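An overview of the molecular structure
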Amino acid sequence: MNVLGIETSCDETGVAIYAGDGGLLAHQLYSQVALHAEFGGVVPELASRDHLRKLVPLIRATLEQAQMGQEDIQGIAYTAGPGLAGALLAGASVARSLAWTWKLPVVGVHHMEGHLLAPMLEDHPPAFPFVALLVSGGHTMLVRVEGVGSYQLLGESLDDAAGEAFDKTAKLLELGYPGGPAIASLAEKGDPGRFRFPRPMVDRPGLDFSFSGLKTYTLTTMQKESAGLEGEALARLKADIARAFEDAVVDTLAIKCRRAMEQTGSGTLVLAGGVAANQRLRQRMDEEMGRLGARAYYPRLEFCTDNGAMIAHAGWQRLNAGEANRELAFHVNPRWS
Ligand code: KG4
Ligand code: ZN
């Protein structure tokens, strides 16, 4: 079954075709980052309009890349939530209209399920069961995964998501949007020994997270240390803070993952979502899992952040298991839990 997948939950328009044993046949991505950059974050109404502009050309480009026509597609999947309501509606409307016109089964996919299963698109996919750490702009969750659709939440963030903390901290340091990659590259130049930021909630039992305090800690450190600084000295301070912040997030995530692996006895950890693109996090997780005799799996870098491939794949899994939305009416679920 060749499944056309459509992702429009936030600021990336993603379209892909996934074919089961045939793997990923094509994928196209259009990022709106430049459109939102001047506003320092995603502007929902601009996002919806841009998805509408880009969807049809991207679907055409994806079919062309796969050297396929509409007759080669047997199913359609789209992100039904969580995400921005207008942005989700853009993708859902196009997906449902195509499915009705082409008389194909269609399924609305949970965005985080797309992220969670994304490492299965790689050549050496993880085998079920596994523990997954989902770290994106909207979520930080540890999940025990028995199989497709069988998920047990082990822990989650009680306030900001890890990606959100990166974005807000980057804003404080005036690094622009999106914050994750900006902090990561500035941290490269930072001195790891200058500041030590707290590791929130690691001294408490359990697998929940809290990242909002780190943002406040960054703000007070910045206020305290930056008085009278400018030029090179200010740039150095920001780099040292970026490094201390990144180290604190990476360390906290690593400690909780180790705990989750010990608690569940699992030997397989999956990392997914935008923050899983962070190199220092990947390196640290590999070391940590190595010590436990376990192994960490990641999606390739471009499939950590939002993309159509993960939605085509998750949709394929669902459609292949016989699931489909059969009624004509549809809705999106911006706060799908
Ligand atoms: O999964 P994603 O593309 O969108 C959501 O579903 O939220 O994740 C985006 C998040 C943003 O917060 C971004 O700052 C963060 O992932 N991110 C990173 C890196 N690349 C993206 N955070 C840390 N290091 C990175 N290299
Ligand atoms: Zn995402």
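What you see is a predicted model; the values in this text were computed from it and never measured.

1. Concerning the UniProt feature "binding site: substrate" (unreviewed entry) in the chain
- The feature "binding site: substrate" (unreviewed entry), as given by UniProt, occupies Leu134, Val135, Ser136, Gly137, Gly138, Asp167, Gly180 and Asn278 in the numbering adopted here.
- Note on placement: Leu134 falls in strand 6 (residues 130-135).
- On the basis of neighbour count, Leu134 is assigned to the buried category, with 24 C-beta atoms found within 10 Å.
- Filtering out sequence-adjacent residues up to four positions away, Leu134 remains in contact with Met112, His115, Leu116, His139, Met141, Val143, Ala272 and Gly273.
- Residue position: Gly180 is located in helix 6 (residues 179-187).
- Ignoring sequence-local partners within four residues, the contact set of Gly180 consists of Gly163, Phe166, Asp167, Gly274, Val275 and Asn278.

2. Focus on the nonpolar core
- Counting 103 residues, the largest nonpolar core has Ala77, Ala132, Leu269 and Ala312 as its most contacted members.
- The biggest single contributor to this core is helix 8 (residues 231-264), with twelve residues.
- In terms of domain composition, this core takes at least three residues from each of domain 1 (3-117 + 304-320) and domain 2 (128-298).
- With near-sequence residues (within four places) excluded, Ala132 lies in contact with Leu116, Val143, Val145, Val270 and Ala272.

3. Focus on the site of ligand 1
- In the region of ligand 1, 20 residues are neighbours, and Gly137, Gly163, Gly180, Gly274 and Asn278 sit closest.
- If you list the elements that add at least two residues to the shell around ligand 1, you get helix 5 (162-172) and helix 6.
- Of the residues assigned to the shell around ligand 1, the class counts are seven nonpolar, ten polar and three charged.
- Among the domains, domain 1 (3-117 + 304-320) and domain 2 (128-298) are the pair contributing at least three residues each to the shell around ligand 1.

4. With respect to the UniProt feature "domain: Gcp-like" (unreviewed entry) in the chain
- Look at the UniProt record and you will see "domain: Gcp-like" (unreviewed entry) annotated at residues 24-312.
- In the segment residues 24-312, helix accounts for 48% and strand for 17%; the C-alpha atoms at its two ends are 9 Å apart.

5. Re unusual backbone geometry
- At the junction of Phe128 and Pro129, the peptide bond is cis and its omega measures out at -5° in the coordinates.
- When you line up the elements, Pro129 lands in the loop between helix 4 (111-117) and strand 6.
- A cis amide bond links Tyr177 with the next residue in sequence, Pro178, at an omega value of -5°.
- For Pro178, the location among the structural elements is in the loop between helix 5 and helix 6.
- Despite not being glycine, Glu174 has its phi angle at roughly 55°, a positive value.
- With respect to the helices and strands, the residue Glu174 is situated in the loop between helix 5 and helix 6.
- In this structure, Met201 takes a positive phi of about 65° despite not being glycine.
- Examined against the element boundaries, Met201 turns out to sit in the loop between helix 6 and helix 7 (212-225).
- The class of Met201 is buried, set by 20 C-beta atoms lying within 10 Å.

6. As for helix 3 (residues 85-102)
- Taking 1.5 Å as the rise per residue, helix 3 with 18 residues should run 26 Å; its terminal C-alpha atoms sit 25 Å apart, in good agreement.
- Among all positions in helix 3, only Ala87, Leu88, Leu89, Ala90, Gly91, Ala92, Val94, Ala95, Leu98 and Ala99 are buried.
- Structurally, helix 3 contributes buried residues whose contacts are with strand 1 (3-7), helix 2 (44-65), strand 4 (75-81) and strand 5 (106-110).
- After helix 3 finishes, the residue Lys103 shows a positive phi value of roughly 55°.

7. Remarks on the domain arrangement of the chain
- Under the domain assignment, the chain is made up of domain 1 (3-117 + 304-320) and domain 2 (128-298).
- Inter-centroid distance (C-alpha atoms) of domain 1 to domain 2 is 28 Å.
- Taken residue by residue, the interface counts 13 residues in domain 1 and 17 residues in domain 2.
- Elements represented by at least two residues in the side of domain 1 that touches domain 2 include exactly helix 1 (33-37) and helix 4.
- In terms of residue count, helix 4 provides more of the side of domain 1 that touches domain 2 than any other element does, four residues in total.

8. Overview of the pairing of strand 8 (residues 150-156)
- When strand 7 (residues 140-147) meets strand 8, the two strands line up antiparallel, connected through six bridges. Among the inter-strand pairings, Arg144 is bridged to a residue of strand 8, identified as Gln152.

9. Focus on the environment of Ala95
- By secondary structure assignment, the location of Ala95 is in helix 3.
- C-beta crowding within 10 Å serves as the criterion here: with 31 such atoms nearby, Ala95 is assigned to the buried category.
- Taking the C-alpha atoms as reference points, Ala95 and Asp306, separated by 211 residues in sequence, lie 17 Å from one another.
- Other than its neighbours up to four places away in sequence, Ala95 contacts Ile6, Ile76, Tyr78 and Val106.

10. As for the packing of helix 6 against helix 8
- Two elements in contact, helix 6 and helix 8, have axes whose closest approach is 8 Å; the angle formed by their N-to-C orientations is 110°. In terms of orientation, helix 6 and helix 8 fall into the roughly perpendicular class. In the packing of helix 6 onto helix 8, the handedness of the crossing is left-handed. Here Ile183, Ala184, Leu186 and Ala187 of helix 6 lie close against helix 8, whose contacting residues are Lys238, Ala239, Ala242, Arg243, Phe245 and Glu246.

So, how was this worked out
Residues numbered from 1 in each chain as written. Chains lettered and ligands numbered in written order. Predicted model: local features only at pLDDT ≥ 70, side-chain atom pairs only at ≥ 80, totals over all residues. UniProt positions renumbered as here; feature names shortened; annotations may be inferred. Helix = DSSP H or I, 4+ residues; strand = E, 2+ residues; numbered from the N terminus. Buried ≥ 20, exposed ≤ 12 C-beta atoms within 10 Å, placed from the backbone. Contact = placed C-beta atoms within 7 Å. Core = buried A, V, L, I, M, F, W, Y, C linked by C-beta atoms within 7 Å. Domains from an automatic or database assignment. Near = placed C-beta within 6 Å. Nonpolar A, V, L, I, M, F, W, Y, C, P; charged D, E, K, R; others polar. Expected span 1.5 Å × (residues − 1). Pairing = 2+ DSSP bridges. Axes fitted to C-alpha atoms, helices over the stretch in contact; angles between N-to-C directions. Parallel < 35°, antiparallel > 145°, perpendicular 65-115°, else oblique. Left-handed = near helix turned anticlockwise from the far one by under 90°.

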